[in-house]
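# Reading the structure
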There are 2 protein chains.
Amino acid sequence: MADDFERMWRDLEPVGRASASGGYFRQPFTTSERELAAWFVEQAETRSLRIETDEIGNVVAWWDVGEGPGVLTGSHLDSVLDGGAFDGPLGVVSAFAALDLLRERGFVPARPLGVSVFVEEEGSRFGLACLGSRLAAGVVTWEQARELRDHAGVAFGDVAEGGGSRLLDEVGTFVELHVEQGRDLVDRGAAVGVASGIWPHGRYRFDFTGAANHAGTTRMEDRTDPMLTYAMTALAANKQARLAGQRATFGRLEVTPNGTNAIPSRVIAWLDARCSSDAALAALVEAITDQAAGRAGRDGTRVEVTAESVSGSVSFDAALAALVAADHAGGDWPVISTQAGHDAGILSAAGIPTAMLFVRNPTGVSHSPEEFASMPDCLAGVSALADTLERLAR
Amino acid sequence: MADDFERMWRDLEPVGRASASGGYFRQPFTTSERELAAWFVEQAETRSLRIETDEIGNVVAWWDVGEGPGVLTGSHLDSVLDGGAFDGPLGVVSAFAALDLLRERGFVPARPLGVSVFVEEEGSRFGLACLGSRLAAGVVTWEQARELRDHAGVAFGDVAEGGGSRLLDEVGTFVELHVEQGRDLVDRGAAVGVASGIWPHGRYRFDFTGAANHAGTTRMEDRTDPMLTYAMTALAANKQARLAGQRATFGRLEVTPNGTNAIPSRVIAWLDARCSSDAALAALVEAITDQAAGRAGRDGTRVEVTAESVSGSVSFDAALAALVAADHAGGDWPVISTQAGHDAGILSAAGIPTAMLFVRNPTGVSHSPEEFASMPDCLAGVSALADTLERLAR
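A quick note: this is a predicted structure, and the numbers were derived from the prediction, not measured.

Calculation notes
Residues numbered from 1 in each chain as written. Chains lettered and ligands numbered in written order. Predicted model: local features only at pLDDT ≥ 70, side-chain atom pairs only at ≥ 80, totals over all residues. Heavy atoms only, no water. Helix = DSSP H or I, 4+ residues; strand = E, 2+ residues; numbered from the N terminus. Rg over C-alpha atoms; globule rule 2.2 N^0.38 Å. Buried < 20%, exposed > 50% of the residue type's maximum accessible area, 1.4 Å probe, protein only. Contact = heavy atoms within 4.5 Å. Lys, Arg positive; Asp, Glu negative; His and termini not counted. Charge placed at Lys NZ, Arg CZ, Asp CG, Glu CD. Pairing = 2+ DSSP bridges. Axes fitted to C-alpha atoms, helices over the stretch in contact; angles between N-to-C directions. Salt bridge = Lys/Arg side-chain N within 4 Å of Asp/Glu carboxyl O. Disulfide = S-S within 2.5 Å. Parallel < 35°, antiparallel > 145°, perpendicular 65-115°, else oblique. Left-handed = near helix turned anticlockwise from the far one by under 90°. Nonpolar A, V, L, I, M, F, W, Y, C, P; charged D, E, K, R; others polar. Polar contact = N/O pair within 3.5 Å; in protein donor to acceptor, adjacent residues only side chain to side chain. Least-squares fit on C-alpha atoms with pLDDT ≥ 70 in both.

## Observations concerning the overall build of chain A
- In terms of helices and strands, chain A carries 12 helices and 15 strands.
- For 394 residues, the compact-globule estimate of 2.2 N^0.38 gives 21 Å, and the C-alpha radius of gyration of chain A, at 22 Å, lies within 12% of that figure.
- Summarising its shape, the C-alpha atoms of chain A cover approximately 80 × 40 × 40 Å along the three principal directions.
- Burial status across chain A gives 62% buried among its 394 residues.
- The long-range fraction of contacts in chain A, counting pairs at least 24 apart against all pairs at least 6 apart in sequence, stands at 77%.
- Of the charged side chains in chain A, 33 are positive and 54 negative; the average position of the first set lies 5 Å away from that of the second.

## Thoughts on the sheet that holds strand β12 (residues 302–311) of chain A
All names here are of chain A.
- Read from one edge of the open sheet, 4 strands run β9-β11-β7-β12, paired in antiparallel fashion. This sheet does not close on itself; its edge strands, each paired only once, are β9 (247–256) and β12. If you compare each strand with its neighbour and ignore which way they point, the axes differ by 20° on average.
- Where strand β7 (residues 201–209) and β12 come together, 9 bridges link them in antiparallel fashion. Opposite Tyr204, over in β12, you have Ala307 as the bridge partner.
- This element, helix α8 (residues 226–244), spans β7, β9 and β11 (266–274) of the sheet and lies at about 170° to β9.

## Focus on the sheet that holds strand β7 (residues 201–209) of chain B
Residue and element names in this part refer to chain B.
- Strand order in the open sheet made by the 4 strands is β9-β11-β7-β12, with antiparallel pairing throughout. The two strands at the open ends of the sheet, each matched to only one other strand, are β9 (247–256) and β12 (302–311). Sheet twist, expressed as the average angle between the axes of neighbouring strands with direction ignored, equals 20°.
- As judged from the 9 bridges shared by β9 and strand β11 (residues 266–274), these two strands associate in the antiparallel manner. Bridge pairing in β11 links Glu254 to Ile268.
- Sheet contacts for helix α8 (residues 226–244): β7, β9 and β11; angle to β9, the most-contacted strand, approximately 170°.

## Topic: the pattern of salt bridges
- Considering all chains together, one arrives at 34 salt bridges over all chains under this definition.
- Residue Arg219(A) pairs with Asp222(A) through a salt bridge whose shortest N-O separation is 2.9 Å.
- Arg219(A) sits in the partly exposed class, given a relative accessible area of 41%.
- We note a salt bridge from Asp387(B) to Arg105(B), for which the minimum N-O separation is 3.0 Å. In this pair, Asp387(B) is assigned in helix α12 (residues 375–393) and Arg105(B) in the loop between α3 (89–104) and β4 (113–117), connecting sequence segments 282 residues apart.
- Judged by relative accessible area, Arg105(B) falls into the partly exposed class, the value being 39%.
- Here the residues in one salt-bridge network are Arg105(A), Asp387(A) and Glu390(A), joined through shared partners.

## Quick look at the state of the cysteines
Residue and element names in this part refer to chain A.
- Within the structure shown, the criterion is met by 0 disulfides over all chains.
- Looking at Cys130, it has no disulfide partner, and the nearest cysteine sulfur is the one in Cys275, 18 Å off.
- Classification of Cys275 as buried rests on a relative accessible area of 0%.

## A short note on the environment of Glu170(A)
All names here are of chain A.
- Within the fold, Glu170 resides in the loop between α6 (156–159) and β5 (171–179).
- Separated by 101 residues in sequence, Glu170 and Pro69 place their C-alpha atoms 5.0 Å apart.
- In this view, Glu170 contacts Pro69 and Gly70; residues no more than four positions away in its chain are not counted.

## A closer look at unusual backbone geometry
- Thr256(A) connects to Pro257(A) through a cis peptide bond whose omega is -5°.
- With respect to the element layout, Pro257(A) can be found in the loop between β9 and β10 (262–263).
- Despite not being glycine, Asp82(A) shows a phi value in the positive range, around 60°.
- You can see Asp82(A) is positioned in the loop between β3 (70–75) and α3 (89–104).
- On the basis of relative accessibility, which here comes to 10%, the residue Asp82(A) falls in the buried class.
- The backbone of Glu120(B) shows a phi angle near 50°, a positive value even though the residue is not glycine.
- Structurally, Glu120(B) can be placed in the loop between β4 and α4 (131–137).

## Focus: the packing of α8(A) against α8(B)
- With their axes 9 Å apart at the nearest point, α8(A) and α8(B) run at an angle of 135° to one another. The orientation of α8(A) with respect to α8(B), classified from their angle, is oblique. Considering how the two elements wind past one another, α8(A) and α8(B) form a crossing that is left-handed. Of the residues in α8(B), those touching α8(A) at Met227(A), Leu228(A), Tyr230(A), Ala231(A), Met232(A), Ala234(A), Leu235(A) and Asn238(A) are Met227(B), Leu228(B), Tyr230(B), Ala231(B), Met232(B), Ala234(B), Leu235(B) and Asn238(B).
- In terms of residue class, the contact of α8(A) with α8(B) is built from 14 nonpolar, 2 polar and no charged.

## Observations concerning the interface of chain A and chain B
- Contacts between the two partners involve 58 residues from chain A, matched on the other side by 58 residues from chain B.
- Here chain A is connected to chain B by 0 salt bridges.
- Scanning the region where chain A abuts chain B turns up 20 residue pairs in polar contact (both at pLDDT 80 or more).
- Of all elements in the fold, only β8 (213–214), α8, β9, β10 and β11 of chain A reach the threshold of two or more residues within the side of chain A that touches chain B.
- Tallying contributions element by element places α8(A) first for the side of chain A that touches chain B, with 10 residues.
- Partitioned by chemical class, the residues of the side of chain A that touches chain B number 24 nonpolar, 22 polar and 12 charged.

## Examining the relation of the copies chain A and chain B
- Of the transformation placing chain A onto chain B, the axial shift is 0.0 Å and the rotation is 180°, giving an RMSD of 0.1 Å. What the superposition gives is, in effect, a two-fold axis relating one chain to the other. Considering only C-alpha atoms, the residue of chain A closest to the rotation axis is Ala231(A), which sits at 2.2 Å.
- The overlap is high: 100% of the interface residues of chain A also sit at the interface in chain B, so the same surface is used on both sides.

And the structure:
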């Protein structure tokens with residue numbers, strides 16, 4: 001099993017990797033991501049699994065044994081821009097390795113077992129995270145999704161075939177294994193953990209508009225410069241999140257015209273906000289919006305805030321989490337919460353009993369080339385996932 | 001003459017104009033700017049002028065009459081991104097119209113008269129303003145210029161033929177007519193003004209670096225987010241410039257990886273700074289750099305500041321300015337200073353006696369689609385330019 005895992009990991013290592021940073025660029029329907037999708041089909045065929053796809057880009061490889069609603073496990077193969085190797089692929093590689101381990105153990109499942117990949121989990125290309133699972137779960141319609149556009153103006157409807165998805169029709173339970181994106185398991189000294197829930201989170205587009213003018217000749221007092229309104233808002237968001245013990249980040253910007261000697265006419269900035277409760281999220285975004293509007297009033301600029309996606313808090317099935325966490329070789333796994341969104345959260349909110357396994361990340365860093373998990377911890381994750389599948393499919 | 005001017009103006013109007021904003025995109029060696037260059041040659045040929053080019057992209061159309069060092073007038077045809085119609089082309093169209101007016105008057109110059117266009121005046125593509133005139137004047141070498149790269153990574157050496165320039169060898173005086181980029185002439189109630197000098201100005205690249213990480217899972221207190229250091233620096237630059245009565249602008253940004261759910265690893269921001277004296281400019285940039293470094297220390301980020309170009313203060317030839325300003329139909333033209341850089345500043349600093357004429361801009365707005373000058377004011381500019389050329393070439 002260790003050999004299997006390491007071989008698969010080596011297969012994926014060079015795909016979409018930037019030599020300059022060591023980070024990954026695996027945006028959906030780009031060459032590198034499609035290469036990973038082809039690799040997935042090859043792995044499924046090697047294991048005589050039946051491939052089922054939908055018209056959105058999602059795929060499941062089914063081990064057609066047993067009867068009744070299936071047990072699905074998997075993750076995603078796309079990355080953020082300049083992301084790490086583990087976020088997504090670890091869950092897919094671990095799923096195949098866990099299936100291999102079950103076969104080695106001679107286990108015959110009483111239910112179908114599937115390995116899944118949902119497309120555009122990161123929202124790094126079309127802006128809406130978990131797009132594939134949202135479409136599969138029916139919480140976003142094709143009519144809404146087809147119009148989403150990437151940075152270059154290409155629509156999702158231009159790259160995906162489009163239409164509906166029946167992939168989840170026969171799914172009874174979903175389990176996603178993922179690298180931890182924080183230090184909780186490091187602090188607890190555990191290689192593996194189980195998720196209790198996901199913080200509510202959202203993406204909000206702030207459109208700051210003012211008037212372009214010459215950077216040299218326009219007196220400071222005659223300007224309506226949206227960059228200043230944005231800058232103050234970015235600092236305010238940080239301060240508000242600090243005070244409230246929550247999270248707020250401005251990590252993406254578009255400046256128009258973006259010339260050195262022109263005062264900008266427009267700054268578009270995307271706020272990523274996450275809180276421990278739905279009420280706290282609403283309060284945080286409101287506080288940031290109020291401060292932006294106040295500053296816009298003083299700067300003579302305008303600000304408009306659009307919620308591009310908001311995901312409510314997710315509480316995973318507590319009985320299922322307890323079942324997944326109990327009685328492993330290393331004792332019970334700890335049950336922890338996370339601030340990161342996942343396809344598992346979408347499926348859970350859509351009513352599918354869902355569990356998540358996390359693998360320890362020594363640095364806690366994610367969405368960065370620094371993201372890491374040790375090989376022994378990865379293999380502990382595969383064992384935990386195999387144990388879980390055995391419990392669910394027996 | 002009015003007909004000539006209006007016809008030329010109409011020819012240029014649609015070239016490189018964005019229908020969405022009404023602004024112009026005339027970056028050097030792009031289709032629209034090359035279309036303008038071809039228009040220039042056509043205008044020269046219509047007037048039986050001799051075309052002289054260099055290997056950089058600069059061009060002069062000579063009226064080969066008289067003897068001795070020539071009198072050169074002209075401006076540029078490139079624009080900032082999403083710029084106005086007047087900044088540059090007004091000086092070129094006015095030069096041809098002034099030449100037509102001199103011929104109508106039956107004036108026979110005692111010296112050669114040339115109409116010039118210097119390439120990449122705005123620095124909107126390769127980042128160094130007045131690139132063409134700097135190369136022609138020998139203050140930047142081809143070896144330095146060829147390595148300058150545009151946003152897409154294309155080098156100046158890939159689009160320009162390269163080599164030296166002898167265009168200025170036989171030039172005795174340079175006169176540039178330009179739309180005013182402020183409200184000084186509006187306040188004075190004058191259609192035309194003459195430049196006394198140009199404020200010193202510079203472009204400084206601020207490289208803010210931190211560590212990319214997940215926007216959701218990384219606690220606020222565990223971050224080293226260069227966006228915060230940048231945001232505080234942008235506000236500090238504005239405040240410092242306000243207090244000092246100078247100018248400081250951050251109008252151009254590059255964020256890496258620029259993803260909504262990733263804390264940036266790097267923010268590159270370009271500062272445009274202009275002051276009434278060289279000492280004030282140095283003090284302003286030092287104050288902004290100090291505040292950026294202080295904040296970087298608190299944020300755990302790093303900041304590195306590179307002066308990409310610094311132009312010292314320019315005082316145009318005072319006797320020449322007085323000659324240009326005196327005894328017009330409307331009385332003497334006012335002599336005013338400007339905060340905008342111009343090819344005239346480069347040529348003046350290189351030792352060529354140089355003057356500038358400004359045409360009133362009712363809004364004062366420039367580097368924006370809102371930039372404007374009325375037709376009567378433009379024609380007053382042409383008359384003033386023709387008078388000036390007559391005085392210099394008689």
